[in-house]
Structure formats: structure tokens, C-alpha cells
Amino acid sequence: MRPALFLCPVLISLLFLLSGLTVINGCNKALCASDVSKCLLQGLCQCRPTEGNCSCCKECMLCLSSLWEECCDCVGMCNPRDYNDSPATSKSTVEELYQPIPSLFRALTEGEESINWRVVSFPVSGELSHHESLVSFLATLDSQSQNISLPSSSSVHDDALCTVVYFDECVSIRQCKMYCEAMGGSKYRWFHNACCECIGPECLDYGSKTVKCSRCV
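Scope of this entry: the structure provided in the associated data block. (Residues numbered from 1 in each chain as written. Predicted model: local features only at pLDDT ≥ 70, side-chain atom pairs only at ≥ 80, totals over all residues. Heavy atoms only, no water.)

## Let's talk about the state of the cysteines
What counts is decided by this rule: What counts as a disulfide here is a pair of cysteine sulfur atoms lying within 2.5 Å. Helical segments are the DSSP runs of H or I of at least four residues, strand segments are the runs of E of at least two, and each set is numbered from the N terminus. Burial classification: accessible surface area is computed with a 1.4 Å probe over protein chains only, and a residue below 20% of its type maximum counts as buried, one above 50% as exposed, and the rest as partly exposed.
Under the definition given, this model contains 11 disulfides. The residue that forms a disulfide with C32 is C71, at a sulfur-sulfur distance of 2.0 Å. Looking down the S-S bond of the C32 and C71 bridge, the torsion is -85°, so its handedness is left-handed. Here C32, found in helix 2 (residues 29–41), pairs with C71, found in helix 4 (residues 68–71); they are 39 residues apart in sequence, far enough to count as distant. In this structure C32 comes out as buried when scored by relative accessible area, which is 0%. On the accessibility criterion, C71 (0% relative accessible area) is buried. At a sulfur-sulfur separation of 2.0 Å, the disulfide partner of C72 is C78. On the S-S bond that ties C72 to C78, the torsion sits near 90°, and the link is right-handed. For C72, a relative accessible area of 4% gives the class buried.

Right, here's the structure in full:
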């Protein structure tokens, strides 16, 4: 009985903290709730920089890790974002995967689709013609991969297709990279609403900039 009595206040506190995320303007609950609750329960994000107290800033940043930029507003550590001006679906982070397995990616995306993801193919020429200036890059990208020279649309065969995979559910950026590596992808694009796109070997750019995760829109 004692363990149960001990857990009740903890669970109540956790539910209170998570419910508080709904009233913080700009907080991405779908992406941040799990990691934010972990850091709050550990007491690592309790100080308030806006009030001149930044005694826990470093510990909180280390706890949120790669989600710091997306979730710091959920714990009151940075100014809230206004997603009405800049929708999360209009921004994305991309990265090259250093050991792609093209044969594995093709095998997993041919035939019947998985119940967990959606396969989309479109002409490579269209992919290149809509090439964009990407909003952000992971810190792990080195200078060589940041300066990739892309071929022009005229040099691509008309029948060449770029195949990408969208996972149905919202995932963190770390999960997105791990999933895309596991299926042999060449690159990935992680939208800032937590939609994950794995990019196949035939794609010459970073796939599609359109969010198509069925349960993460």
C-alpha cells in the first residue's frame, strides 16, 4: 500500500504539469509532453530566466537535449512562439544519413504498405524544381554535407521517381532519425510539428516539403 500511496501525489503532480502545457501559448504538446514531464519531475526546469533566475538553465537544456529549441517555451524558459505567423508544418530539419542501405529501403517500400507508415512517390524533376532554402540544419551536419551541389532538373530522367515514407504518428527528431536509419533511408526530414519523412536513395534533394503524416498534422 505504501508504494501506491507514494505514487498518487507524483501522478497528480505529473497530470497537473502536463495540463499546464495546454495554457502555454505555442507549446507543442504532441512533441514535448513526454520529455518536458521527465525534466519537470526531476526538478531540472524550475527556475525562471524571465525573472532573472537562470540557476537551472543549463541543466534544463541538457535534459531537453535536441528538443530544447522546440520545447523550451513549454517550461517557461524562453519566449512563447506564435505559430500563427510561422506554422510548424512550414519548417523542417534535415540530415544526411551516413550509411544508407538502398536495397533495404526499396524492399520495405515496395508492395503492400505497413500499417504504421505511408509511401509516396513523385517525379525527381518535380522535387528539384521546388527546391527550397531549408529552414534549419542539425548541428551534426558537417561543412561538406551542407554544401551539396544538386543537379539541375534538366539532367534528370523524366521517369525517375523519388520515394519517401511518412510515419503516421508524431515522433521526436531522435526517433525520426533512428527509424529512417533502420529502414535504410538516405536522408530524413523532420517537420517542426513532429511529422517524420524518410527519404529514399533515388531522391536528389530532401524529398517533399509537404506534411503527409496521417495522424500528425
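## Some details on helix 3 (residues 57–64)
Under the convention used in this document: Here the arc refers to the directions that run from the helix axis out to each C-beta atom. Note on contacts: a residue pair is in contact if any heavy atoms of the two residues lie within 4.5 Å.
Buried residues of helix 3: C57, C60, C63 and L64, and no others. Down the axis of helix 3, the sector holding all buried residues measures 130°, keeping them to one side. Residues of helix 3 that are exposed and point over 90 degrees away from its buried face: K58 and L62. Tucked inside the fold, the buried residues of helix 3 contact helix 2 and helix 4. S65, located one to two residues past helix 3, shows a positive phi value of around 55°.

## Here's the deal with the pairing of strand 6 (residues 196–199)
Stated precisely, the cut-off is as follows: Two strands pair if DSSP finds at least two bridges between them.
Because side chains alternate across strand 6, one face comprises the buried residues C196 and C198, and the other comprises E197 and I199, equally buried. One ladder, built from three bridges, connects strand 4 (residues 161–167) with strand 6; its direction is antiparallel. Bridged to Y166 within strand 6 is E197. Sheet analysis places strand 5 (residues 187–191) next to strand 6, joined by four bridges and oriented antiparallel. The partner of Y188 across the bridge, within strand 6, is C198. Hairpin connection between strand 5 and strand 6: a loop of four residues separates the two successive antiparallel strands, and A194 in this loop has a positive phi of roughly 85°.

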